[in-house]
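Read off the chains here:
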Amino acid sequence: MGPRRVNDGSRRGLLKAGVGLAALSLFPSAARADQNWQTFKRRFVVEDRRVIDSGNNNVSHSESQGWGLLFAQSFDDRQTFERIWEWTSRSLQRGDGLFSWRWSPNTADPVPDKNNAADGDILIAWALMRAAAKWNEPRWLQPSRRIQSAVLERLAIEFQGRLILLPGHQGFARGSRYVVNLSYYVWPAIHDFSEGAGDREKWRRLEADGLWLCDNAAFGDYKLPPDWLLFGQQAFRVADDWKPYFGFDAIRIPLYLAWYNQASRLDRFVTAWRTPRFGGRPPAWINLDNGAVAPFPSSGGYAAVAAVTQFVSDGFKKPAPVAAIGDEDDYYSASLKLLSNLAGQEAPRAKRS
């Protein structure tokens, strides 16, 4: 089986503890933004190398390493970037260029499951691509291109006239259907790849067909996409092996769409969160079958995603919202805040498809 997130209940147990509202404010200076990164690094980056998931026994993921690289690049921290990349390439990278999805400090073999996770692979390749440009360092382009090529070769499959992204190389075929995780489509990264030196046409197809999947994955009263989608025979269902939630994974769908400046695709999320039931704040999860919601509040990271989604949906009419990392945030909530901040900064300059 591939990189299942244990239904993300244990992995994101932070939500039960980190219940405070997001501290959303405008950073008065770049120094305050850097303070956010320094806080994240101090709490979640071990020896400036391994980014830990503090809500899940301090494991590391290809996702966490990709986000760590992205943050280090964005905050101009080249030393930390180099250290994270050295550890990631040495500890997680497979022979085919992709990355094992999970590293555990508490097992004899820290990487018992060698399967990969598409979002981690894409994030790492994107961070390397951005770092090569930012620091004029061509040596990071070759590993980025190798990862990009491996994603297209091993994870992008032709299926019923569409090019779809598998969440991992193994474990996601279901007879005549495939399981898809739409939060693994990191839209701004995929778009940058489509304009890079690789197989541009294939990346463009993956982008267009992925957006088509996203548009058509609409379930429940609020017409939202699920954490895990089953696609086949030109029909969409919530994947049987996972709970029918818009939740811990799917919250990243509007985040990446906002980052990619897809304002028209954000309406259903904004409409759902604006209902009196939610008052502008996404619940930790919504059951797309019966409308039930999590019995515990969502983290501040969710509120940051909602704020940047609203910002892009409204056409950048107000200053970009900025979330500050607080003591109540664990790795995932803090990551969502930093990602939302970057999305708010970069979305106004992003090209629309």
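Here the structure is shown first, and the text comes after it.
Note that the structure is a prediction, hence the values are computed from the model and not measured.

Conventions we followed
Residues numbered from 1 in each chain as written. Predicted model: local features only at pLDDT ≥ 70, side-chain atom pairs only at ≥ 80, totals over all residues. Heavy atoms only, no water. Helix = DSSP H or I, 4+ residues; strand = E, 2+ residues; numbered from the N terminus. Rg over C-alpha atoms; globule rule 2.2 N^0.38 Å. Buried < 20%, exposed > 50% of the residue type's maximum accessible area, 1.4 Å probe, protein only. Contact = heavy atoms within 4.5 Å. Areas by Shrake-Rupley, 256 points an atom, 1.4 Å probe, with all protein chains shown as cover. Lys, Arg positive; Asp, Glu negative; His and termini not counted. Charge placed at Lys NZ, Arg CZ, Asp CG, Glu CD. Core = buried A, V, L, I, M, F, W, Y, C linked by side-chain atoms within 4.5 Å. 1 Å grid on protein atoms, 1.4 Å probe; cavity = no way out; pocket = protein on both sides within 12 Å on 5 of 7 lines; lining within 4 Å. Points joined across faces, edges and corners; volume = space filled by probe spheres on them. Pairing = 2+ DSSP bridges. Axes fitted to C-alpha atoms, helices over the stretch in contact; angles between N-to-C directions. Parallel < 35°, antiparallel > 145°, perpendicular 65-115°, else oblique. Left-handed = near helix turned anticlockwise from the far one by under 90°. Salt bridge = Lys/Arg side-chain N within 4 Å of Asp/Glu carboxyl O.

Asks: Just checking my understanding: could you explain the overall build of the protein chain for this structure?
Replies: If you tally the helices and strands in the protein chain, you get 12 helices and 14 strands. Here the C-alpha radius of gyration of the protein chain, 19 Å, is about what a compact globule of 353 residues would show, namely 20 Å. Oriented by its inertia axes, the alpha-carbon framework of the protein chain measures out at about 50 × 50 × 45 Å. Across the 353 residues in the protein chain, those meeting the buried criterion constitute 61%. Considering only contacts within the protein chain whose residues lie at least 6 apart along the sequence, 69% involve residues at least 24 apart. As displayed, the protein chain has an accessible area near 13300 Å², and 48% of this comes from carbon and sulfur atoms. Positive and negative charge centroids in the protein chain, built from 45 and 38 side chains respectively, lie 2 Å apart.

Asks: In this structure, what is going on with the nonpolar core? I would like to understand it.
Replies: In a soluble, globular protein the nonpolar side chains are often hidden away together inside. Formed by 117 residues in total, the largest nonpolar core has its most connected members in Phe 40, Phe 71, Phe 81, Leu 165, Leu 182 and Tyr 185. When residues in this core are grouped by element, the largest group, 11 residues, is from helix α5 (residues 118–134). Residues in contact with Leu 182, not counting those within four places in the same chain, are Gly 210, Leu 213, Cys 214, Ala 217, Pro 225, Leu 229 and Ile 253.

Asks: Please clarify how the layout of surface pockets should be interpreted in this entry.
Replies: Any space left empty among the atoms is revealed by the rolling of a water-sized probe across them. When its volume is computed, the largest pocket comes out at roughly 260 Å³. Listed by contribution, the elements that provide at least two residues to the lining of the largest pocket are α5 and α7 (187–194). Take the lining of the largest pocket: its biggest share by element is three residues, from α7.

Asks: Just to check I follow, could you spell out the sheet that holds strand β8 (residues 173–174) for this structure?
Replies: Taken in spatial order, the four strands line up as β8-β9-β10-β11 in an open sheet, and their pairing is antiparallel. The sheet terminates laterally at β8 and β11 (235–238), the two strands that pair on one side only. In this structure, strand β9 (residues 177–180) lies alongside strand β10 (residues 229–232), joined through three bridges in antiparallel fashion. Bridge pairing in β10 links Val 179 to Leu 230. Across the sheet, helix α8 (residues 200–216) lies against β9, β10 and β11, angled at about 65 degrees from β11, the strand it touches most.

Asks: Explain the packing of α7 against α8 to me, please; I cannot follow it from the model alone.
Replies: Each packed pair of helices is defined by two parameters, the angle between the axes and the distance between the axes. It is at 8 Å that the axes of α7 and α8 come closest, and there the two elements cross at 150 degrees. Between α7 and α8, the angle falls in the class roughly antiparallel. Helix-helix and strand crossings are classified by hand; for α7 and α8 the assignment is left-handed. Here α7 contributes Trp 187, Ile 190, His 191, Phe 193 and Ser 194 to the contact with α8, which in turn contributes Arg 200, Trp 203, Arg 204, Glu 207, Gly 210 and Leu 211.

Asks: Sorry, what's going on with the pattern of salt bridges here?
Replies: Any two side chains of opposite charge can pair if their charged atoms end up close together. In total, this model carries 23 salt bridges according to the counting rule given. Between Arg 252 and Glu 63 there is a salt bridge; the shortest N-O distance is 2.8 Å. Residue Arg 252 is found in helix α9 (residues 252–259), and its partner Glu 63 is found in helix α3 (residues 62–74); the two are separated by 189 residues along the sequence. The same class applies to Arg 252 and to Glu 63, which are both buried. Note that Arg 78 is salt-bridged to Glu 82, the shortest N-O span being 3.2 Å. Here the residue Arg 78 and the residue Glu 82 both occupy positions in helix α4 (residues 78–91), the gap between them amounting to four residues, near one helical turn.

Asks: Would you mind going over the pairing of β9 with me for this structure?
Replies: Side chains on a regular strand alternate between the two faces of the sheet. Bridge count between β8 and β9: two bridges; the pairing is antiparallel. Within β9, the residue paired with Arg 174 across the bridge is Arg 177. Two successive antiparallel strands, β8 and β9, enclose a turn made up of two residues, where Gly 175 displays a positive phi of approximately 65 degrees.

Asks: Sorry if this is basic, but what is going on with helix α10 (residues 267–274) here?
Replies: The α-helix winds at 3.6 residues per turn, so residues separated by three or four positions along the chain end up facing the same way. Those residues of α10 that fall on the buried side of the exposure criterion are Arg 268, Phe 269, Val 270, Ala 272 and Trp 273. Structurally, α10 contributes buried residues whose contacts are with α8, β12 (245–246), α9 and α11 (300–313).

Asks: Just checking my understanding: could you explain unusual backbone geometry for this structure?
Replies: One non-glycine residue with positive phi stands out, namely Glu 47, at about 50 degrees. The residue Glu 47 is located in the loop between β2 (45–46) and β3 (50–51) in this model. Residue classification places Glu 47 among the exposed positions, given a relative accessible area of 60%. One non-glycine residue with positive phi stands out, namely Asn 58, at about 60 degrees. Examined against the element boundaries, Asn 58 turns out to sit in the loop between β3 and β4 (60–61).

Asks: Could you clarify how one ought to interpret the pairing of β11 in this entry?
Replies: Of the two faces of β11, the one holding Phe 236 and Val 238 is buried and the one holding Ala 235 and Arg 237 is not buried anywhere. Examined bridge by bridge, β10 and β11 share four bridges and lie antiparallel to one another. Pairing of Leu 229 across the sheet is with Val 238, part of β11. Hairpin remark: β10 followed by β11, antiparallel, with two residues in the connecting loop; positive phi at Gln 233, about 55 degrees.

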